[in-house]
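Tertiary structure, described
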Amino acid sequence: MKPPASGSYLLLAPLGLLLIVFALPSLRSSRIGSDGGLGALCARRFIAGDVVAAASPPPVAEPEQPELSLLIGVLTMPKLRERRDIVRLAYALQPPAPRARVDVRFVFCNVTDPVDAALLAVEIQRHGDVLVLDCAENMNDGKTYAYLSSVPRLFAADPYDYVMKTDDDTYLRVAALVDELRDKPRGDVYLGYGYPMGGQPMPFMHGMGYVVSWDVASWISTAGEILERNDTMGPEDLMVGKWINLAGKGRNRYDLKPRMYDLNWYMDNFRPDTIAVHTLKTNRRWAATFRYFNVTAGLTPSNLYHLPSLDV
């Protein structure tokens, strides 16, 4: 077979050029669609016939700095595991307080029973929210002093603005408390349910829950006179007030009555503006509290569970 004449190549050349012109866009399009990302960017640069600077990554937003920080110490005992489960839920299901750092710790003295120690060790590993202080477990024989005097040392590297002591039968509404603290001084503060005595409106704060500023806690940790007077034994809330009064501390005092209160026996004295409600010593009282503050309203309907009425 004879090769085509040289003139035939000249006739085929325009046809080949047309094929290249029409095929090139589809090849480019296939390239962009197949690898996206960097391949797409390279293809777009080629089509534009220009040099394009690579897009810089978006700036990383700086974490919002809290307006205040609060440590909440819940004084409890090893055997009250069911109570702690309820209290943890009570804190976990609350919306976080905006622009605030709030940490909750469950406070114990030395755990001497081996069964309690083993179960508490599992609790520590699971939740990481436990403080075990070097003291004998008690209610009114120095545990609160051990807590308040230990906090400045334990958290010296990252101190808080405020330190709170509360009980495991108190439902504390954290965001409401934080809102109360926002415009308060950061020093010389003593805040809670003011307990009148001896003609004075607030010589001490009720033990259901009270707050001191970091400087007051720091003073307690170094005040040798408290131990010299043996002032750690006795009703803990009364003793804290005594230390502070004798030293002239806590001059910025704030009484949060009636937003902090004991729940009455009829369970009908809840307030919508509550900061803390106390004496929740039974599951029925906790259930009534969760119901009133709409904690149970967050349950998503499902055919996987069938619950009776949540009215209590």
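It should be noted that the structure appears before, not after, this text.
Residues numbered from 1 in each chain as written. Predicted model: local features only at pLDDT ≥ 70, side-chain atom pairs only at ≥ 80, totals over all residues. Heavy atoms only, no water.

Moving on: helix 5 (residues 143-154). A rise of 1.5 Å per residue sets the reference length of helix 5, with its 12 residues, at 16 Å; its end C-alpha atoms lie 16 Å apart and thus fit the reference within 8%. Most of helix 5 sits out of view: 10 of its 12 residues are buried. When helix 5 is considered as a whole, its buried residues turn out to be K143, T144, Y145, A146, Y147, L148, S149, S150, V151 and P152. (Helix = DSSP H or I, 4+ residues; strand = E, 2+ residues; numbered from the N terminus. Expected span 1.5 Å × (residues − 1). Buried < 20%, exposed > 50% of the residue type's maximum accessible area, 1.4 Å probe, protein only.)

Here the structure, examined in full by the defined rule, presents 24 salt bridges. The salt bridge involving E67 is made with R99; its shortest N-O contact spans 2.8 Å. You can see E67 sitting in the loop between helix 2 (37-48) and strand 1 (68-75) and its partner R99 sitting in the loop between helix 3 (81-92) and strand 2 (100-108), a full 32 residues away along the chain. Here R99 falls in the partly exposed class, since its relative accessible area comes to 36%. We note a salt bridge from D116 to K79, for which the minimum N-O separation is 3.1 Å. Separated by 37 residues along the polypeptide, D116 in helix 4 (residues 114-127) and K79 in the loop between strand 1 and helix 3 bring together distant segments of the chain. On the basis of relative accessibility, which here comes to 6%, the residue D116 falls in the buried class. (Salt bridge = Lys/Arg side-chain N within 4 Å of Asp/Glu carboxyl O.)

Across the sheet, 7 strands lie side by side as 3-2-1-4-7-6-8; this open sheet has mixed pairing. The sheet is open, and its two borders are formed by strand 3 (130-132) and strand 8 (252-255), each paired with just one other strand. On average, each strand axis in the sheet is tilted by 45 degrees relative to the strand beside it, whichever way the strands run. Bridge analysis of strand 1 against strand 2 gives 8 bridges, and the strand direction is parallel. Paired with G73 across the strands is R105, a residue of strand 2. In the packing of helix 3 onto the sheet, contacts are made with strand 1, strand 2, strand 3 and strand 4 (162-167), and the angle to strand 2 comes to roughly 175 degrees. The strands touched by helix 6 (residues 174-182) are strand 1, strand 2, strand 4, strand 6 (189-197) and strand 7 (200-213); relative to strand 1, the strand with the most contacts, the crossing angle is about 130 degrees. (Pairing = 2+ DSSP bridges. Axes fitted to C-alpha atoms, helices over the stretch in contact; angles between N-to-C directions. Contact = heavy atoms within 4.5 Å.)

What follows covers unusual backbone geometry. In this structure, the amide linkage connecting K257 to the following residue, P258, adopts the cis form with an omega of 0 degrees. You can see P258 is positioned in the loop between strand 8 and strand 9 (260-262). The backbone phi angle of D188 is positive, close to 60 degrees, even though this residue is not glycine. Note that D188 resides in the loop between helix 6 and strand 6. Located in the positive-phi region is N294, a residue other than glycine, with phi close to 60 degrees. When you line up the elements, N294 lands in the segment after helix 10 (283-292). Looking at N294, the relative accessible area reads 55%, which means it is exposed.

We now examine the packing of helix 5 against helix 7 (residues 214-222). Between helix 5 and helix 7, the shortest axis-to-axis distance is 7 Å and the interhelical angle comes to 110 degrees. In this view, helix 5 runs roughly perpendicular relative to helix 7, as classed from their interaxial angle. On the side of helix 5, the interface is formed by Y145, L148, S149, V151 and P152, while helix 7 contributes W214, A217, S218, I220 and S221. Partitioned by chemical class, the residues of the contact of helix 5 with helix 7 number 7 nonpolar, 3 polar and no charged. (Parallel < 35°, antiparallel > 145°, perpendicular 65-115°, else oblique. Nonpolar A, V, L, I, M, F, W, Y, C, P; charged D, E, K, R; others polar.)

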